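Here is how the chains run, residue by residue.
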Amino acid sequence: MPKIYIAADHGGYDLKEVLLSHLKGAEVVNLGTDSLESVDYPMYADKLADHLKADPTAVGILICGTGLGMSMAANRHLHIRAARCSTGLDAELARRHNNANVLCLGGRTLGTELAKHILDHFLQASFEGGRHQRRVNQFSDPAC
Ligand code: RB5
């Protein structure tokens, strides 16, 4: 299992705590937030992206109310491939085909059992390379 960095805003705090318990025994670094006090999610996405830059074999989990804001903020970083997933199959294919290195989850849109199921699929799958590598390489081409 890869090392895992995890961060959330106030909308994802409760789910982050659930997933931290679920991940007991794994190497996990909690980057906050650590309360329900309102915070701005881009700061946490940026913090996690900085850690993954220094530790490129690790993966990340970002949680906000919907997972949407976190994915948008995280994907501004060229070394991040963040996937907002709502099914186990999303998460599995995000790893197998897109080499996602960050899983984004919605703390207010997913039940806890579903979120654990999505996370397990994300962690169990691995990148298939081949034609998918060629496509993923094109992410770093300049966009129009
Ligand atoms: C915070 O209220 C909420 O906007 C945030 O958690 C997230 O859902 C944004 O995408």
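As a reminder, the structure under discussion sits directly above these lines.
Residues numbered from 1 in each chain as written. Predicted model: local features only at pLDDT ≥ 70, side-chain atom pairs only at ≥ 80, totals over all residues. Heavy atoms only, no water.

### Thoughts on the packing of helix H1 (residues 13-22) against helix H5 (residues 112-124)
Filter applied, for reference: Interaxial angle, 0 to 180 degrees, is taken between N-to-C directions of lines fitted to C-alpha atoms, where a helix line uses only the stretch in contact. Each helix corresponds to a stretch of at least 4 residues labelled H or I by DSSP, and each strand to a stretch of at least 2 residues labelled E; elements are numbered beginning at the N terminus. Throughout, the term roughly parallel applies to angles under 35 degrees, roughly antiparallel to angles over 145, roughly perpendicular to angles from 65 to 115, and oblique to all others. With the far helix as reference, a near helix turned anticlockwise by less than a right angle produces a left-handed crossing, and one turned clockwise produces a right-handed crossing. Every residue pair with non-hydrogen atoms within 4.5 Å of one another is taken to be in contact. As a working rule, the residues Ala, Val, Leu, Ile, Met, Phe, Trp, Tyr, Cys and Pro are called nonpolar, Asp, Glu, Lys and Arg charged, and the rest polar, with Gly in that last group.
Where H1 meets H5, the closest approach of the two axes is 10 Å, and the angle between their N-to-C directions is 55 degrees. The orientation of H1 with respect to H5, classified from their angle, is oblique. In this structure, H1 crosses over H5, and the sense of that crossing is right-handed. Only Thr 112, Ala 115, Lys 116, Leu 119 and Asp 120 of H5 make contact with H1, whose side of the interface consists of Leu 15, Val 18, Leu 19 and His 22. Split by residue class, the contact of H1 with H5 holds 5 nonpolar, 2 polar and 2 charged.

### Considerations on the side chain of Arg 95
The cut-off we apply is this: Under the scheme applied here, a residue whose accessible area is under 20% of the maximum for its type counts as buried, over 50% as exposed, and between as partly exposed, the area being computed with a 1.4 Å probe on protein chains only. His is not counted, nor are the chain ends; Lys and Arg add positive charge and Asp and Glu add negative charge. Every case where a carboxyl oxygen of Asp or Glu lies within 4 Å of a side-chain nitrogen of Lys or Arg is listed as a salt bridge. Residues adjacent in sequence count toward polar contacts only when both atoms are side-chain atoms; beyond that, a polar contact is any pair of N or O atoms within 3.5 Å, and within protein one must be able to donate a hydrogen and the other to accept it.
Considering the arrangement of structural elements, one finds Arg 95 in helix H4 (residues 88-96). We note that Arg 95 is buried and unpaired, the nearest opposite charge coming from Glu 92 at a distance of 11 Å. A polar side-chain atom of Arg 95 sits 3.1 Å from the main-chain carbonyl oxygen of Ala 100. Apart from the residues lying within four places of it in its own chain, the contact partners of Arg 95 are Val 59, Ala 100, Phe 122, Ala 125, Ser 126 and Phe 127.

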